[in-house]
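# Structural characterization, general
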Amino acid sequence: MKPAAVLLPLLLLLSAGTPVHVRGTKSIIALYGETIVVPCNDGATPPSDLMFIKWKYEKEGDSPGDLLIKHPNGGPATVQATDSYARRVSSDDKYSLHITQASLKDQRIFTCMVVSGSNLEEYPVSVVVHKEPSSVEIMDKPQALQKDKLATVGTCVATDANPAATVTWKKNGKPLVGDGKAVMIIPSLKLDPATGLSTNSSTLQYVATKDDVGAVFSCVSTHEQSNKEISLEPFPVHYPSETVTLQIMSNGPIKEGDNVTLKCLADGNPPPSSFFFHVKGKKTLVENSDTYTLNAINREAAGEYKCSLADNEKVEASQKIVVSYLDLSLSPTGRVVKTVGDALSVKMEENSSGSPRVSWTKNGKPVKKPEIRNLTFADAGVYMCEVSTIHLTQRASFELVVEGKPVITSLTKRRTGDVKVLTCEAEGVPEPIFQWSINITNVKQNSSYNNGKAIHKITVVPTVNLTVTCIVSNKLGEDVRTINVSSVIKEENRNREDSQDQTALIVGIILALIIAAVVGGLGYWLYMKKRQGTWKTGEEVGTSEESKKLEETNHNV
């Protein structure tokens, strides 16, 4: 449609005195880079006698600029714009104005003019274009913070936004407010002349303390379209050492001969790597380590030890080392050979750092300290002395051997079936040799020797009465004992005669018992016979006492 065709109805309305009604300005928010949709009269249905709708805008200097005209016939809008809007504007069926690729230059007033047969209405709409920050990041981050020194924590930058984003800081989730001393917040705002977008930045400077170890700093970007929070990893807080601690690295009390490690710890961050160790008046510098080892410590090394900072020897710490020790001397030791009747004297000496406890054992069993005036074979054995304190134990021992000529302690005989076992027991060291006065070549023998005690057994079948002699001997002498051994055959005959005599005695006793039983039974029968005759004649024979006496007589028989 030609401009003249449009202007004619409009001029006719104006010439007829039709007033132009301008409504209040509405506002809408559009998003940067997207399509702006500006509704006409909030999208209300146009009047029935609508002639056309025209969109225009305010140019710089408040001069109007035409955009497009749209008739109600459903056809496409006629673009009137000759500037950059010519390729960006269009209208839909509801007469809304569409503007593609929104930018900040589109922040102006667009007016929808509704021309009908009886009225002329204008609906101005103010367009505001918003854009959230393209990015939010923290720059200029340090490696660490220095205690009591103002240092930059970081610069938080919210780039290319409209309106400009608000940038704030938090520590451990709580807002930080600049105080001009320990907390300094320096804002900065830059405007891109080409796009009109704003870049807002905020630099945080902070004075750290030891309490800030592990603290989490974060930057918050606040914008109408979105909010974003970025947190920094906790910074190490560096500070010099104020105190040191000396540790004695030991699993328990220090004993003579142990390797002892000294460890020097400082409270600075980062911890120092070099220390002075003061060992018995001698100062030793240890670099790239915090330990010093004393090898095979002895009792003379006990005392006070120190460590200090290499760059400040006034910062030092000390510890006292106590070395436990225990010495044991025993005489005699090893293998000790004595003779029966000798005396034994034992000397034990101890030297310790604590209160010792002394105990003795013989062959593993507790005994008193061995002080013996007259040794016997029973005194032989392994004697051990044990001296102990709370932390140390020492042991020393000797083996006592008591020698002497053998002594027979027992000579016995025992019959087993058809044989007799003779047992000869003796004590003696060295081990004695057994000899018998009878020929034992083909005789069963059994012998043992333990702790100076010897036992020798022989099994014999004597056919005549014998006197048997047991002889024991070693290099120191001998002992002799005899025993009478009767014949096995004579013992059997004697046992047989004794058995026959016993049989005759038993038979006689049995016969006497049988005779007594017969006599008693006969007497009882006669008594009963007499009683039966009395019952038959009705006569009363004897009294009840007589009957009882008779019954007792029969019972005794």
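Provided above is the structure to which this section pertains.
Analysis parameters
- Residues numbered from 1 in each chain as written.
- Predicted model: local features only at pLDDT ≥ 70, side-chain atom pairs only at ≥ 80, totals over all residues.
- Heavy atoms only, no water.
- Helix = DSSP H or I, 4+ residues; strand = E, 2+ residues; numbered from the N terminus.
- Buried < 20%, exposed > 50% of the residue type's maximum accessible area, 1.4 Å probe, protein only.
- Contact = heavy atoms within 4.5 Å.
- Areas by Shrake-Rupley, 256 points an atom, 1.4 Å probe, with all protein chains shown as cover.
- Polar contact = N/O pair within 3.5 Å; in protein donor to acceptor, adjacent residues only side chain to side chain.
- Core = buried A, V, L, I, M, F, W, Y, C linked by side-chain atoms within 4.5 Å.
- Patch = residues over 30% accessible without salt bridge, like charges linked within 9 Å, V, L, I, M, F, W, Y side chains within 5 Å.
- Salt bridge = Lys/Arg side-chain N within 4 Å of Asp/Glu carboxyl O.
- Phe/Tyr/Trp six-rings, centres within 6.5 Å; stacked < 30°, edge-to-face > 60°.
- Lys NZ or Arg CZ within 6 Å of the ring centre and 35° of its normal.
- Pairing = 2+ DSSP bridges.
- Axes fitted to C-alpha atoms, helices over the stretch in contact; angles between N-to-C directions.
- Disulfide = S-S within 2.5 Å.

## Some points on the overall build of the chain
- If you tally the helices and strands in the chain, you get three helices and 42 strands.
- The proportion of buried residues among the 557 residues of the chain is 35%.
- Taking the intrachain contacts of the chain between residues at least 6 apart in sequence as the baseline, contacts between residues at least 24 apart amount to 59%.
- Surface summary for the chain: the accessible area is close to 33100 Å², and the carbon and sulfur share equals 51%.

## With respect to the environment of Glu-313
- Its place among the elements puts Glu-313 in the loop between strand E27 (303–309) and strand E28 (316–321).
- Residue Glu-313 is classed as partly exposed on the basis of its relative accessible area, which comes to 35%.
- When the C-alpha atoms of Glu-313 and Phe-275 are compared, they prove to be 8.8 Å apart, with 38 residues separating the residues in sequence.
- Those residues in contact with Glu-313, other than ones at most four positions away along the chain, are Phe-276, His-278, Lys-283 and Ser-308.
- Of note is the side chain of Glu-313, whose polar atom sits 3.2 Å from the side chain of Lys-283.

## Some words on the nonpolar core
- Ranked by size, the top nonpolar core spans 27 residues in total, and within it Ile-36, Trp-55, Leu-67, Leu-97 and Phe-110 carry the most contacts.
- Breaking this core down by element, the ones donating at least two residues are strand E2 (26–31), strand E3 (36–38), strand E4 (50–58), strand E5 (64–70), strand E8 (97–99), strand E9 (109–116) and strand E10 (120–130).
- Discounting residues that sit within four places of it in the chain, Phe-110 has contacts with Trp-55, Lys-56, Tyr-57, Leu-67, Tyr-85, Leu-97, Ile-99, Tyr-123, Pro-124, Val-125 and Val-127.

## Some remarks on the environment of Val-115
- For Val-115, the location among the structural elements is in strand E9.
- With 95 residues separating them along the chain, Val-115 and Val-20 place their C-alpha atoms 9.6 Å apart.

## Here we look at a nonpolar patch on the surface
- Together, Ile-510, Leu-511, Ile-514 and Val-518 make up an exposed nonpolar region whose accessible area comes to about 380 Å².
- Of note, Val-518 is situated in helix H2 (residues 488–537).

## Here we look at the packing of aromatic side chains
- Under the counting rule described, the total for this entry stands at seven aromatic pairs.
- Seen in terms of ring centroids, Phe-277 and Tyr-292 are 5.7 Å apart; in terms of plane orientation they differ by 25°. Their pairing is stacked. Note that Phe-277 is positioned in strand E24 (residues 274–279) and Tyr-292 in strand E26 (residues 291–294), a separation of 15 residues in sequence.
- You can call Phe-277 buried: its relative accessible area is 0%.
- Of the aromatic side chains, those joined through ring pairs into one cluster are Tyr-57, Tyr-85 and Phe-110.
- For Lys-283, the ring lying beneath its charged end belongs to Phe-276, and the centroid distance is 4.6 Å.

## Details of the sheet that holds strand E38 (residues 433–436)
- Taken in spatial order, the three strands make up an open sheet running E38-E41-E42, and their pairing is antiparallel. Either end of the sheet is taken by a strand with one partner, and the two such strands are E38 and strand E42 (477–485). Across the sheet, the mean angle separating the axes of adjacent strands is 20° when strand polarity is ignored.
- Sheet analysis places strand E41 (residues 466–474) next to E42, joined by nine bridges and oriented antiparallel. Counted as the bridge partner of Val-472 is Asp-479 from E42.

## A look at the state of the cysteines
- Overall, the coordinates contain four disulfides when judged by the stated rule.
- Between the sulfur atoms of Cys-40 and its disulfide mate Cys-112 the distance is 1.9 Å. Where Cys-40 bonds to Cys-112 through sulfur, the torsion about that S-S bond is close to -70°, and the disulfide is left-handed. Taken together, the residues span a long stretch of sequence, with Cys-40 in the loop between E3 and E4 and Cys-112 in strand E9 at a distance of 72 residues.
- Note on Cys-112: relative accessible area 0%, which makes it buried.
- Disulfide pairing places Cys-264 opposite Cys-307 at an S-S distance of 2.0 Å. Disulfide Cys-264-Cys-307: the torsion about the S-S bond is 70°, which places it as right-handed. Of this pair, Cys-264 sits in strand E23 (residues 260–266) while Cys-307 sits in strand E27, and the two are 43 residues apart along the sequence. Grouping residues by exposure puts Cys-264 and Cys-307 together as buried.
- Disulfides within the chain link the bonded cysteines, taken in sequence order, as 1-2, 3-4, 5-6, 7-8.

## Brief notes about the sheet that holds E24
- Strands sit in the order E25-E24-E27-E28 across an open sheet of four strands; the sheet is antiparallel. Each edge of the open sheet carries a strand with a single partner, namely strand E25 (282–287) and E28. Across this sheet, the average inter-strand angle for adjacent strands is 20°, counted without regard to direction.
- In this sheet, E25 lies alongside E24 in antiparallel orientation, the contact comprising six bridges. The partner of Ser-274 across the bridge, within E25, is Glu-287.

## Quick word on the pattern of salt bridges
- Scanning the entire structure with this criterion turns up 17 salt bridges.
- The partner of Arg-299 in a salt bridge is Glu-256, with the nearest N and O atoms 2.8 Å apart. Of the two residues, Arg-299 sits in the loop between E26 and E27 while Glu-256 sits in the loop between strand E22 (254–255) and E23, which places them 43 residues apart along the sequence.
- Taking relative accessible area as the criterion, Arg-299 reaches 23% and is therefore assigned partly exposed.
- Residue Glu-256 is classed as partly exposed on the basis of its relative accessible area, which comes to 32%.
- The salt bridge partner of Lys-347 is Glu-349, with a shortest N-O separation of 3.5 Å.
- Its relative accessible area of 52% is what places Lys-347 among the exposed residues.
- By relative accessible area, which is 44% here, Glu-349 ends up partly exposed.
- Linked through salt bridges whose partners overlap, the residues forming this network are Glu-256, Arg-299 and Asp-327.

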